[in-house]
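Structure assessment
Residues per chain, in single letters:
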Amino acid sequence: MTRATVLPVLAACCSLAVALPLSATDPAPAFPGFTGLLGVPTANVLEDGIAATGANHHNPLPAQLTRVENYFFSLGFAPGLELGGRVVNGGRVSGGYIRDLSFNLKYQFLDLQSGLRLAVGGKDVGGEAQFFRSRYLVGTIPLSSLSLTLGYGFGPDLLDGVFGGLEWAPLRFASVLAEYDTNDFNLGLRLNSGRILGPVTASFTAGYSGVREDTEFGIGLSIPLGGKKPLQPGLAAGSSAT
């Protein structure tokens, strides 16, 4: 997907979002498991006591890996602190197979009354075999039905440079996602079920990966622990890679 194709779509989303004074959805995990858009993090975190889990086929390194499956679990561990883990199964383009266990963390150190939030985080922290390492600083601010995110990643494997995106929520159960992940533009749609089994909620996310030129999809669940209210999760979308 080229910039000439994506930029008009982003502009249209921004115009509609400003025109419609609607509320945004709750924070939801992205592809890697941390709260975010499709593949990039936002400055939002899971509330203390909220757990999220999901599965997908997202492949952030198509030049190196193929047939990637992701399984993750995230938790609002304490106010402002989100922890998570992910298991990745996949094949190498050069031949062979990988199984990688990685750890993510994010800390929201600023949450102003205006809605502006700032956070720092890291993905693929620790472990012997590291494929998806990144450290980042990110800010998010809500504007009516639109939520804008801008950040900077320090790599070395992913999110190396400026990244950002937006989430437009015209309906409580649906939101449009658009992002730049330092490599290409991605577009997606997140659908939320509302409560299905007591306080548990489910989600489905579909998207288009610009770098892979392929569709993506994923499912997930959000489970409040200790009586916390559920989020509307939009868990990691994954690619329909072959």
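Model, not experiment: these values are computed from the prediction.

Moving on: the overall build of the protein. Scanning the protein from terminus to terminus reveals one helix and 13 strands. Counting from the amino terminus, the protein carries its helices and strands in the arrangement α-β-β-β-β-β-β-β-β-β-β-β-β-β. Within the protein, the fraction of its 242 residues that count as buried is 52%. Contacts in the protein between residues far apart in sequence, at least 24 positions, make up 47% of those at least 6 positions apart. A total of about 10400 Å² of accessible surface is found on the protein, and carbon and sulfur atoms cover 64% of it.

The next point concerns the pairing of strand β6 (residues 134-143). Bridge count for strand β5 (residues 117-123) against β6 is seven bridges, and the pairing is antiparallel. Across the sheet, Gly122 pairs through a bridge with Arg135, a residue of β6. Pairing of β6 with strand β7 (residues 146-156) involves nine bridges; the strand directions are antiparallel. Looking at β7, one finds that Tyr136 is bridged to Gly153. In textbook terms, the turn of a hairpin is the stretch between consecutive antiparallel strands, and for β6 and β7 this stretch comprises two residues, one of which, Ser144, has a positive phi near 60°.

A separate point is the pattern of salt bridges. Tallied over the entire structure, the rule returns three salt bridges. We note a salt bridge from Arg117 to Asp111, for which the minimum N-O separation is 3.3 Å. Judged by relative accessible area, Arg117 falls into the partly exposed class, the value being 27%. For Asp111, a relative accessible area of 47% gives the class partly exposed.

Glancing now at the packing of aromatic side chains. Applying the stated criterion to the full structure yields five aromatic pairs. A ring pair is formed by Tyr152 and Phe154, whose centres lie 5.1 Å apart and whose planes are at 65°; its orientation type is edge-to-face. Take Tyr152: its relative accessible area is 40%, and that puts it in the partly exposed class. Classification of Phe154 by relative accessible area gives exposed; the value is 54%. Pairwise contacts between aromatic rings join Phe34, Tyr136 and Phe163 into one cluster.

To continue, consider the side chain of Asp124. As for its position among the elements, Asp124 is in the loop between β5 and β6. The buried charged residue Asp124 lacks any salt bridge, with Arg86 as its nearest oppositely charged partner at 5.9 Å. Separated by 2.8 Å, the side chain of Asp124 and the backbone nitrogen of Phe132 make a polar contact. Sequence-distant contacts of Asp124, that is, excluding residues within four places in its chain, are made with Asp100, Ser102, Phe103, Asn104, Gln130, Phe131, Phe132, Arg133 and Arg135.

Attention now goes to a nonpolar patch on the surface. A cluster of nonpolar side chains, Tyr107, Phe109, Val120, Leu137, Leu150, Tyr152, Phe154 and Val162, forms an exposed patch at the surface whose accessible area comes to about 780 Å². Considering every element that reaches the nonpolar patch, the biggest residue donor is β7, with three residues. By the element assignment, Tyr152 lies in strand β7.

Another point: the nonpolar core. Nonpolar side chains tend toward joint burial in soluble globular proteins. Of all hydrophobic cores here, the largest spans 13 residues; its most connected members are Val40, Tyr136, Val138, Leu159 and Phe163. Counting residues in hydrophobic clusters, the runner-up holds eight residues, among them Leu65, Phe131, Phe132 and Leu158.

This next bit is on the environment of Thr42. Here Thr42 shows up in the loop between α1 (3-19) and β1 (50-56). Overall, the relative accessible area of 5% leaves Thr42 in the buried class. Separated by 79 residues in sequence, Thr42 and Gly121 place their C-alpha atoms 10.0 Å apart. Among all residues touching Thr42, those that are not within four sequence positions of it are Thr35, Gly36, Leu37, Lys106, Val138, Thr140 and Thr149.

To continue, consider the environment of Ser145. Tracing the sequence through the fold places Ser145 in the loop between β6 and β7. Linking Ser145 and Trp168, residues 23 residues apart in sequence, is a C-alpha distance of 5.8 Å. Looking at Ser145, its side chain comes within polar contact range of the side chain of Trp168, at 3.3 Å.

We now examine the side chain of Thr140. Note on placement: Thr140 falls in strand β6. Given a relative accessible area of 2%, Thr140 falls into the buried group. Within the local environment of Thr140, its side chain forms a polar contact with the side chain of Thr149, the two groups lying 2.9 Å apart. Not counting residues up to four positions away in its chain, the partners in contact with Thr140 are Thr42, Ala43, Asn44, Gly115, Leu116, Arg117, Ser147, Leu148 and Thr149.

The rules behind these values
- Residues numbered from 1 in each chain as written.
- Predicted model: local features only at pLDDT ≥ 70, side-chain atom pairs only at ≥ 80, totals over all residues.
- Heavy atoms only, no water.
- Helix = DSSP H or I, 4+ residues; strand = E, 2+ residues; numbered from the N terminus.
- Buried < 20%, exposed > 50% of the residue type's maximum accessible area, 1.4 Å probe, protein only.
- Contact = heavy atoms within 4.5 Å.
- Areas by Shrake-Rupley, 256 points an atom, 1.4 Å probe, with all protein chains shown as cover.
- Pairing = 2+ DSSP bridges.
- Salt bridge = Lys/Arg side-chain N within 4 Å of Asp/Glu carboxyl O.
- Phe/Tyr/Trp six-rings, centres within 6.5 Å; stacked < 30°, edge-to-face > 60°.
- Lys, Arg positive; Asp, Glu negative; His and termini not counted.
- Polar contact = N/O pair within 3.5 Å; in protein donor to acceptor, adjacent residues only side chain to side chain.
- Patch = residues over 30% accessible without salt bridge, like charges linked within 9 Å, V, L, I, M, F, W, Y side chains within 5 Å.
- Core = buried A, V, L, I, M, F, W, Y, C linked by side-chain atoms within 4.5 Å.

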